[in-house]
Each structure stands twice: as C-alpha cells, then as structure tokens.
Amino acid sequence: MTKVRTRFAPSPTGKMHVGNLRTALYAYLIAKHEGGDFILRIEDTDQEREMEGAVDIIYNTLQKTGLIHDEGPDIDKGFGPYVQSERQAQGIYLEYAKKLIEKGEAYYCFCTEERLNGLETEIDGKKLTKYDKHCLHLSKEEIQAKLDAGIPYVIRQNNPTEGTTTFVDELYGDITVPNEELDDMILIKSDGFPTYNFANVVDDHLMEITHVVRGNEYLSSAPKYNRLYEAFGWEVPTYIHCPLITDENHKKLSKRCGHSSFEDLLKEGYLTEAIVNFVALLGWCPSDNREIFSLPELVEAFDYHNMSKSPAVFDMVKLSWMNGEYIKSMDDEKFYEMALPYIKEVITKDLDFRKIASMVKTRIETFKDIREQIDFFEEVPEYDIEMYTHKKMKTNTENSLTLLKEVLPILTECESFDNDSLFEMLQNFAKEKGYKTGFVMWPLRTAVSGKQATPGGATELMSILGKDETIKRIEAAIEKLS
RNA sequence: GGCCCUAUGGUCAAGCGGUUAAGACAUCGCCCUUUCACGGCGGUAACACGGGUUCGAUUCCCGUUAGGGUCACCA
C-alpha cells in the first residue's frame, strides 16, 4: 500500500476559520492515523484577496494546535515549491493547461467582461453565468493572431454538454451529475495565475496527495475536478468531503458570529486543546463515545469512516463546558500561570493570587470568567441590602445586622486569620448561640463580598482579604444596614 | 430557479432489519455544602411525513416536506 499523503491548502486571506481548522485537523488525523504525511501548501493565487500576515496566522495555528506538517514551504521534501505563486512563476500551471489545450480538453477564451456580463441571468437576486463556449470554435490562426496582438485571455476547461459524470466520495458514495451542469470553468486567469480549481488538481497530483480532504462546499464542483483528472489521464485521489459547520441558525459559519475563527476563540478565553477536541467531535464520533481527547489520542482513535454526513451546529455552550473540563484537569501551576494575567486585570492589591487562582479553578469555563468572579476582592461592589435576606439561611437585614455586630468584636480579637481557624471559631460561636452555621456565614460572606455568589465560603474570603480589610468591610456593612 | 447533499430530543450524536432508541451538552429536581460552583443521583425530551420492500422498519427503496450547499478571472 502506498503511503497516505494528505494536505492542508489554505489561502492566506485572513483569520483561521474554525471550519478550516477542522479540515486541517481531519487531514492531519487521516494521515497520521495511517502513519502518513501531512503537507502544507499555500494557495495564494488570488492576489487581490491576499492579506499580509495571513501566512503567519496559518503557521502559528498549526504550531499551536500541534498539527505539525511533514512538508511545506519551510520543509521541502522534493515536491516543492509549496507556495502556488512560486509554482506559478515556474510556469507549472500554464504548462499543464497547454497540455489540456493540445488534447482539446481546454481552450483559449478572449471574451471581454462586457460579453460575459451579457450572459448573466438573475435568479432570486443572484447573478448566474454559464459560459456559452463562444471561443471554443476559434481557428488556430485566429487564436494565434489574438495572442500575437496581446489580447488578454483566459484558458477554459472544455466540458461536454451531454451525458453524465460520476465521482466517488468516501463518505457520500457515488455522485452523478449531468454534464450539462458543468460550466467551462476558468483554469488560467487573465493575470496568468491559475484558479483554485485548476491549481488544486495539478498540485495534488504533482505532490502525490492520496486523500483530498476538504469542506462540503466543494462537493458540487468535484465533478469538474474529476474531468480534469481524467483529461490528464491521472489517477483520481480519494475524496473526503467534510460536513459543514454551521452557526446556531444552521447557516454556514460566518465572520459575523464572533466565534468563527480560532483567534477569536482564543481571545474569548478558550484553550487550544479544548478547541481542537471540540472541533474534532463536530462531525465525527468514536465508537466508544468518549468525549475528551488529546491530539495523540485523536490520532489513535480517528477513523474517517465514522464521519457524519450532516452538518453540525457549532455549539458554544458545549465548547464552554469542554473548556471547563480542560481547566479543571489542568495542572495547578500551569493554571496559575495562565490565570494570573486575568487576575491582575481586576486586582491591584497584594493578595494571595495562588489561593485565588485555586478557588476559581473549578468555577469557570473560560478564563474570561475570572474577572467577574473575583473583582470584589479589589473593592466591594454596590449591592442591595436585600442580599442579606436568604430564606434557607433564615437571614434578613435585621438579624444580619445584629449578627455582624456580635461577630465583629470576636473577629477583632482573633489572632489567626487563616481559613481553618476562622471556620472553627465561627462554628463554635454559632454553637454557643444556637445558630446554624449558615446563619452566621451568609451575612459575613455578603458583607465581605457584596455578592450573591463567590468563589469560596465566607471564611475563605476573609482569610484572603486579611484581618484589617475584613473588619473594615464588616464595619461598612454594619453602617449600611443600620 | 437548476444541480447536489442532508434529515434520531433544543444541540453534538450512538444505532447500520427485531433495542425498554445509548451517551454528552443544555434544562429541571434532589443530595452534598459556610453562598456559588465542583461532585453524586434522578427526571423531561427524538427516529419529519407518505408510500413501498419485508414476518418485521429508525435502519433498505421511492416520493413529499424541510434545511443546507453550490452555480465568479474567490477559494
């Protein structure tokens, strides 16, 4: 059996879309599961849409996610160059296009934009054009004359208008379309660059790609590719079209969503491991139904035959849950390092950040959640005194006030302000008075935090705030309640 | 509109002719508890519809419906 070779072929036009990321992931997994090679190819044939820095984004993303390529612009294993503009400069595409012309499978087209516009029809507000093979019938002499005159041209694929074309997709099976539907698509643009459609086929063949992994949106253009392979007499690779990823409205993920790109998700406080894990499960499921996978585990378990055919909604809620799982199982030291910048964002005081980090660890789903969890350490927020009223604790503003007054002197005299002693002491106090623990803890926690929910109990908060600050806050609370 | 694809709970999804139709997220309830969370236990919730094929269809076939994709000198 020949070695599996898959490729990720993004065009450097901007951010890393999560759909693209998943395609890259699947291509990587398919190769690695079989011990094959994963190749990176840059498809920069559209000079207009090309964006500065986009290539770096591609490298960074692959690096960060661990989708390490075996070959690429930076690692030439004899199939280079791996950048299409460089291949274009070598004349590769034109050479192959001319081969097709010789075979009658392609032809020069000199049609002007105006003429093409005349071919447009409008349906449902969308402009559709089907080329009418106008230039197919130009004589050799006419073509040469136009070429000599320097008239701009494109090269078009010459597709049949009758019969059908069938191609095979590993997931979707045989797909047959009437040839009438096949437009004479452009292979070489008037600027001399190949179109994606053409460059893709030529390069996949030249780079000996065995499995073409790409998004479902290419399914309908696949027959044209097939004809190209056949026209060249090349072996058709295995096609694997991945189901689409959609937003919650079941529409193709768009830039508008805010969570459509890898970078956005990182910015939102998600971990790359969680993103990769989550995205892997969008359209694929292991036989044992496991959910948490590291990349090596995915390599081991991934089998593209289990891929789903229907589109999947990108569910932020579940991503958040999964991110929380990753955070909880994270090494404490590593978590501390990652959490620290977020903690410092809201706390300028000199508090025990390590303790705060560990308190918050089981309570967040993304790092961004940290802020609102701990901001009260810096300063007690404005709060309604009704917060002292709690049915289950049997507290209200009145008994909270008397309780705080009772506890204040005890705390003032208290020497050790660590959590354990505080808790023991307050529990004893409660016992003596015949109070339930919660009855004393609730007002204290409220007084000290001004929050309905905090990342720890009353005594934990107090031990972190320290004696002085705690007393100050309780006094302020007494004042507020009086 | 043509062509193509898809169709199991709100979401991701097991299932691949005979099952009490898994599991996860979300949701709800209970327990744990110094609040919240974590954790534990449990509940609600699905085979789009109509025809076939078959002893028997969620599963196979055909329609209908619904959704999506695509129809560029973009990829």
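Please read these numbers as outputs of a predicted model, since none were measured by experiment.

What follows concerns the overall build of chain A. Within chain A one finds 20 helices and 13 strands. Computed over the C-alpha atoms, the radius of gyration of chain A is 32 Å, more than 25% above the 23 Å expected from 2.2 N^0.38 for a compact globule of 482 residues. Based on the C-alpha atoms only, the size of chain A along its principal axes is roughly 110 × 50 × 35 Å. Counting only residues that meet the buried cut, chain A has 50% of its 482 residues in that class. Sequence separation of at least 24 residues holds for 73% of the intrachain contacts in chain A that already meet a minimum separation of 6. Surface summary for chain A: the accessible area is close to 23,800 Å², and the carbon and sulfur share equals 48%. Each charge class in chain A was averaged separately, 57 positive and 83 negative side chains, and the resulting centres sit 3 Å apart.

Before going further, it helps to examine the pairing of strand β4 (residues 120–123). Sheet analysis places β4 next to strand β5 (residues 126–129), joined by 4 bridges and oriented antiparallel. Along β5, the bridge assignment pairs Thr 121 with Leu 128. Joining the antiparallel neighbours β4 and β5 is a turn of 2 residues, in which Asp 124 adopts a positive phi near 50°.

Turning to the pairing of strand β7 (residues 164–169), a few remarks are in order. Only one face of β7 is buried, namely the one carrying Thr 165, Phe 167 and Asp 169, since none of Thr 164, Thr 166 and Val 168 on the opposite face is buried. Sheet topology note: the β7/strand β8 (residues 173–178) ladder contains 6 bridges and is antiparallel. Residue pairing across strands places Phe 167 opposite Ile 175, the latter belonging to β8. The hairpin turn running from β7 into β8, its antiparallel successor, is 3 residues long.

Let us look at the packing of aromatic side chains. Scanning all chains against the criterion turns up 20 aromatic pairs. Where Phe 110 meets Tyr 153, the ring centres are 6.2 Å apart and the plane angle is 55°; that geometry is what we call tilted. Of the two residues, Phe 110 is situated in the loop between β3 (106–109) and α5 (113–118) and Tyr 153 in the loop between α6 (140–148) and β6 (154–157); the sequence distance between them amounts to 43 residues. Of the residues examined, Phe 110 reaches a relative accessible area of 8% and is grouped as buried.

Helical geometry note: an α-helix holds 3.6 residues per turn, so side chains three or four residues apart project in the same direction. Within the span of helix α4 (residues 92–102), buried status applies to Ile 92, Tyr 93, Tyr 96, Ala 97 and Leu 100. Along the long axis of α4, the arc covered by the buried residues comes to 125°, so they all point the same way. Tucked inside the fold, the buried residues of α4 contact α3 (84–89), β3, β6, β9 (186–188), α7 (196–206) and α8 (222–232). Just beyond α4, the residue with positive phi is Gly 104, at close to 80°.

Structurally, the position occupied by Leu 481 is in helix α20 (residues 467–481). Its relative accessible area of 11% is what places Leu 481 among the buried residues. Put simply, Leu 481 and Ile 58 are 423 residues apart on the chain and 58 Å apart in space, counted from C-alpha to C-alpha. Those residues within four positions of Leu 481 in sequence are excluded, and the remaining contacts are Ile 385, Tyr 388, Thr 397, Ser 400, Leu 401 and Leu 404.

This next bit is on the side chain of Asp 169. Of note, Asp 169 is situated in strand β7. No salt bridge is formed by the buried Asp 169; the nearest opposite charge belongs to Arg 214, separated by 7.1 Å. Not counting residues up to four positions away in its chain, the partners in contact with Asp 169 are Leu 219, Tyr 239, Ile 240 and His 241.

Quick notes on the rules
Residues numbered from 1 in each chain as written. Chains lettered and ligands numbered in written order. Predicted model: local features only at pLDDT ≥ 70, side-chain atom pairs only at ≥ 80, totals over all residues. Heavy atoms only, no water. Helix = DSSP H or I, 4+ residues; strand = E, 2+ residues; numbered from the N terminus. Rg over C-alpha atoms; globule rule 2.2 N^0.38 Å. Buried < 20%, exposed > 50% of the residue type's maximum accessible area, 1.4 Å probe, protein only. Contact = heavy atoms within 4.5 Å. Areas by Shrake-Rupley, 256 points an atom, 1.4 Å probe, with all protein chains shown as cover. Lys, Arg positive; Asp, Glu negative; His and termini not counted. Charge placed at Lys NZ, Arg CZ, Asp CG, Glu CD. Pairing = 2+ DSSP bridges. Phe/Tyr/Trp six-rings, centres within 6.5 Å; stacked < 30°, edge-to-face > 60°. Arc of directions from axis to C-beta. Salt bridge = Lys/Arg side-chain N within 4 Å of Asp/Glu carboxyl O.

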